[in-house]
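Breakdown of the fold
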Amino acid sequence: MLDAPDILQSFLTVAYLYLSIVCIVVILLENKNPVRTMAWVMVLVFLPLLGLFLYMVFGRSFHRQKRISRKLKSKIYNCVSPQLSRSIKSISADSEVVDRHIGLIRMLQKSGEAELFANNNVDIFTDGKSLLDRMIADIEKATNHVHVEYYIIESDETGSRFKNALIEKVRQGVEVRLIYDDFGSWHLKRSAVKEMRQAGIKLQSFFEIRFPYFTNKLNYRNHRKILVIDGKVGYLGGFNIADRYTKGLKWGYWRDTHIRFEGDGVAGLQTLFLTDWMYTSKKLHKTPRFFPVSQLHNNTCIQVVGSGPDMDWQPIMQTFCHAIHRAVKYIYIQTPYFLPNESINNALETAALGGIDVQVMIPYRSDARFVYEASLTYIAPLLKAGVKVFQYTGGFIHSKTMVVDDEVSIIGSANMDYRSFDQNFEVCAVIYDKEKGAELRRIFTDDRKKSRRISAEAWQKRPWWRKLIQSIARLFSPIF
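The following paragraphs examine the structure supplied in this document. This is a predicted model, so every value here is computed, not measured. (Residues numbered from 1 in each chain as written. Predicted model: local features only at pLDDT ≥ 70, side-chain atom pairs only at ≥ 80, totals over all residues. Heavy atoms only, no water.)

1. Focus: helix α18 (residues 434–448)
Rules: By definition, any uninterrupted DSSP run of H or I lasting at least four residues is a helix, any uninterrupted run of E lasting at least two residues is a strand, and each is numbered from the N terminus. Multiply 1.5 Å by the residue count of a helix minus one, and that product is the helix's expected span. Buried means the residue's accessible area, taken with a 1.4 Å probe over protein chains only, is under 20% of the maximum for its type, while exposed means over 50%, and partly exposed covers the values in between. Any N or O atom pair separated by 3.5 Å or less is treated as a polar contact, with the protein-specific requirement of one donor-capable and one acceptor-capable atom, and with residues adjacent in sequence counted only for side-chain atom pairs.
Counted at 1.5 Å a residue, the expected span for α18 with its 15 residues is 21 Å, and the 21 Å between its end C-alpha atoms agrees. Among all positions in α18, only Lys436, Gly437, Ala438, Leu440, Ile443, Phe444 and Asp447 are buried. N-capping of α18 is provided by aspartate 433, with a side-chain oxygen placed 3.1 Å from the backbone N of glutamate 435.

2. Focus on the nonpolar core
Our working rule: Side-chain atoms within 4.5 Å are what join buried Ala, Val, Leu, Ile, Met, Phe, Trp, Tyr and Cys residues into a set we call a nonpolar core. The contact definition used throughout considers only heavy atoms, calling two residues in contact when any of these lie within 4.5 Å.
Counting residues in each nonpolar core, the largest one holds 94 residues, and the members touching the most others are Ile331, Met402 and Tyr432. Per-element accounting of this core gives the leading share, six residues, to helix α13 (residues 315–326). Here methionine 402 is in contact with Phe320, Ala323, Ile324, Ile331, Tyr332, Ile333, Val408, Ser409, Ile410, Met416 and Leu440, once residues within four sequence places are set aside. By size, the runner-up hydrophobic cluster in this structure holds 39 residues, among which are Val304, Phe390, Ile397 and Val427.

3. Remarks on the sheet that holds strand β7 (residues 233–237)
The line we're drawing: Pairing between two strands requires that DSSP report at least two bridges joining them. Axes, fitted as lines to C-alpha atoms, cover a helix only where it is in contact. Angles between the N-to-C directions of the axes lie from 0 to 180 degrees.
Sheet architecture is open: seven strands sit in the order β2-β9-β7-β6-β3-β4-β5, paired in mixed fashion. Unpaired on one side and paired on the other, β2 (120–125) and β5 (202–206) mark the two borders of the sheet. The mean inter-strand angle of the sheet, taken between neighbouring strand axes irrespective of direction, is 10°. Here strand β6 (residues 225–229) pairs with β7 via four bridges, running antiparallel. Bridge pairing in β7 places leucine 227 opposite tyrosine 235. The strands that helix α9 (residues 157–171) touches are β3 (145–150) and β4 (175–181); relative to β4, the one it contacts most, it runs at about 150°.

4. As for empty space enclosed by the protein
What counts here: Buriedness of a pocket was judged along seven lines, with at least five required to meet protein on both sides within 12 Å; pockets are open sets of points on a 1 Å grid over the protein atoms alone, cavities are sets where a 1.4 Å probe fits but cannot get out, and lining residues have an atom within 4 Å of a point. Grid points are joined across faces, edges and corners, and a volume is the space filled by probe spheres set on the points. All amino acids are sorted into three groups, where Ala, Val, Leu, Ile, Met, Phe, Trp, Tyr, Cys and Pro are nonpolar, Asp, Glu, Lys and Arg are charged, and the leftover types, Gly among them, are polar.
A full pass over the atoms with the stated rule returns three cavities of 30 Å³ or more. When its volume is computed, the largest cavity comes out at roughly 70 Å³. Every residue along the wall of the largest cavity is listed here: Gly128, Leu131, Leu132, Met135, Tyr150, Thr158, Phe239, Asn240, Ile241, Tyr245, Thr246 and His258. Residue assignment for the lining of the largest cavity shows that the elements contributing at least two residues are α8 (128–140) and α11 (243–247). Of the residues forming the lining of the largest cavity, the biggest block, four residues, is contributed by α8. The residue makeup of the lining of the largest cavity, split by class, is seven nonpolar, five polar and no charged.

5. Some remarks on helix α10 (residues 190–199)
The line we're drawing: Each C-beta atom gives one direction from the helix axis, and the arc is the one those directions make.
Along α10, the positions that sit buried rather than exposed are Ala192, Val193 and Met196. The buried residues of α10 all sit within an arc of 100° when viewed along its axis, so they share a single face. Of the exposed residues in α10, the ones pointing more than 90 degrees away from its buried face are Arg190, Ser191, Lys194 and Gln198. Its buried side turned inward, α10 meets α9, β4 and β5. Following α10 by one or two positions, glycine 200 adopts a phi angle in the positive range, close to 115°.

6. Some thoughts on the pairing of strand β11 (residues 330–334)
When you tally the buried positions in β11, you get five out of five residues, the bulk of the element. Residue alternation in β11 divides its side chains into two sets, Tyr330, Tyr332 and Gln334 and Ile331 and Ile333, and both sets are buried. Bridging between β11 and strand β13 (residues 357–363) involves five bridges; their strand directions are parallel. Looking at the pairing, tyrosine 330 lines up with aspartate 357 of β13. Strand direction decides the pairing type here: β11 and strand β16 (residues 401–404), joined by four bridges, are antiparallel. For isoleucine 333, the partnering residue across the bridge sits in β16 and is methionine 402.

7. With respect to the pattern of salt bridges
To be explicit about the condition: We count a salt bridge whenever a side-chain nitrogen from Lys or Arg sits within 4 Å of a carboxyl oxygen from Asp or Glu.
As enumerated under the stated definition, the model contains 20 salt bridges in all. Residue aspartate 357 is joined to lysine 388 by a salt bridge in which the shortest nitrogen-to-oxygen separation is 3.0 Å. Of this pair, aspartate 357 sits in strand β13 while lysine 388 sits in strand β14 (residues 388–392); the two residues are 31 residues apart in sequence, bridging distant segments of the chain. Here aspartate 446 and lysine 449 are joined by a salt bridge, their closest N and O atoms 3.7 Å apart. The exposure class assigned to aspartate 446 is partly exposed, which follows from its relative accessible area of 41%. Because the salt bridges share partners, they merge into one network encompassing Glu96, Arg100, Glu407 and Lys434.

Put into structure tokens, the structure is as follows:
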């Protein structure tokens, strides 16, 4: 006869087996990438209890769960003045670059609901201190509203300076709204949040980490970096609000890329922010004052593209693929975390084999060692195909950019990895302009002077134990 402890143990064993089998069935029915599916099955089978916990936190799918209905989104889009919305026909009549990339533009309009806007001035920043100074200066000039959305905001010197600038604007009667990711901003002190709320800043945290509700959302983070000032000035890119982005790390300079732009394209960034605000606050703001008409007149065209697990498609990943396939001369890529999916890998290898000058720049030293080791396993087949791979030695490169043929520039928050493509909420700007493309190319070539090129021969001579570590790390790359 079984005693109470034996009965309890049997019950827990059966319960665990039942939950594990249910999870495996759910994973199979989701029809994810086969490699990713197999990785999760292996975790559940070979890591009892821990595997189940990891799946509950990191594995449950948020895909196809619409955060906001199309009907509600349309109410925001309808606030964009007809004077702002430029038809493909009217822009392409004045822009040969747009004409050549009309397929990419139309694809993003359908998959990412990303409108094309002309009449933009774009400045590229690669230094965190200079960027912060310019952001603060623009915030100080705000007269109507400041909209902020960041993955990381910390309570250090940089964060305090940014916080104080926002509080000062509220005191002057300017509306300030701020969305921060609850996981990414875990160094943001509660006292700082309380201070901002009491000052009058309207704050929302994205996917709050509160037990037990965090378990199905922890893996889906808002990785966007957005700043909109009076609907006239927009910022996006790779920099967050923390000291390491402005002062660097103990072991090196923090090299990143961000853009500041004025013009009609700010409406696209504003629309994305208001969509996120509507989701987090459950309040719809459709006032036309958020969408002023720009007085700029030029042919620099922009699409602001958002992506996330709630969308039917993966527009940023599709942007990378489309731009790579359309390349004629060269493709230059910078990314801190290089865990490409099969589509990106095939596109890069095909381009290189076809004679396109494909160059990829990754860090020599990283802030995420496990991901870094996994990323190195993707290099060998690229080298074999003729891709030139460089490791940046001037510090840590956190830049997320791609430039193709001096015509298409992609700058944003998305890394070239599974998480950015499949799990994070990301944003990027696709810029159709020869001058900006040439500028981004020059930035890449300057960074190349501070980099070392990896040769296929040297890569094959890595110690066997290093190869083993990297291969083990790669097994978990579809998950992490």
